[in-house]
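Next come the chains, spelled out residue by residue.
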Amino acid sequence: MECIFCGHQEKDEKATVCSQCGEQLMTEEELERQFAELMYEVRKDQADIEKQVKFQEAIRQIPKLEPVSTESSEEKFKEKKEV
């Protein structure tokens, strides 16, 4: 079994740790499974980022509101009556 970290060829096929660097040895099936899990996480993260970008774009399209007048509706009514 070859160590993916240092490239050392481990003679003992039952070894779980590289005798050269001490890193964990993995079978090809274990490597493929871990790779598949990482790819799933990457795709999930990409989907989350795309959702965030779409949300931000939607927020930018919302028209900006004008500030509300501090004048009360009664004052506005009195002004209209006086005119």
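Please refer to the structure higher up on the page.
Let us look at the structure shown here. (Residues numbered from 1 in each chain as written. Predicted model: local features only at pLDDT ≥ 70, side-chain atom pairs only at ≥ 80, totals over all residues. Heavy atoms only, no water.)

### Details of the overall build of the protein
- The helix and strand tally for the protein stands at two helices and zero strands.
- Out of the 83 residues in the protein, the part that is buried amounts to 8%.
- Residue pairs in contact within the protein that sit at least 24 positions apart in sequence constitute 10% of those at least 6 positions apart. (Helix = DSSP H or I, 4+ residues; strand = E, 2+ residues; numbered from the N terminus. Buried < 20%, exposed > 50% of the residue type's maximum accessible area, 1.4 Å probe, protein only. Contact = heavy atoms within 4.5 Å.)

### Let's talk about the pattern of salt bridges
- Taken as a whole and judged by the stated rule, the model has one salt bridge.
- R33 serves as the salt-bridge partner of E37, at 2.9 Å between the closest nitrogen and oxygen. With E37 and R33 both in helix α1 (residues 28-61), this residue pair falls four residues apart, about one helical turn. (Salt bridge = Lys/Arg side-chain N within 4 Å of Asp/Glu carboxyl O.)

### A look at the state of the cysteines
- Counted under the stated rule, the structure contains zero disulfides.
- Note on C3: no disulfide assigned, nearest cysteine sulfur contributed by C21 at a separation of 3.6 Å.
- In this structure C6 is not part of a disulfide, and its nearest cysteine sulfur, from C18, lies 3.7 Å away. (Disulfide = S-S within 2.5 Å.)

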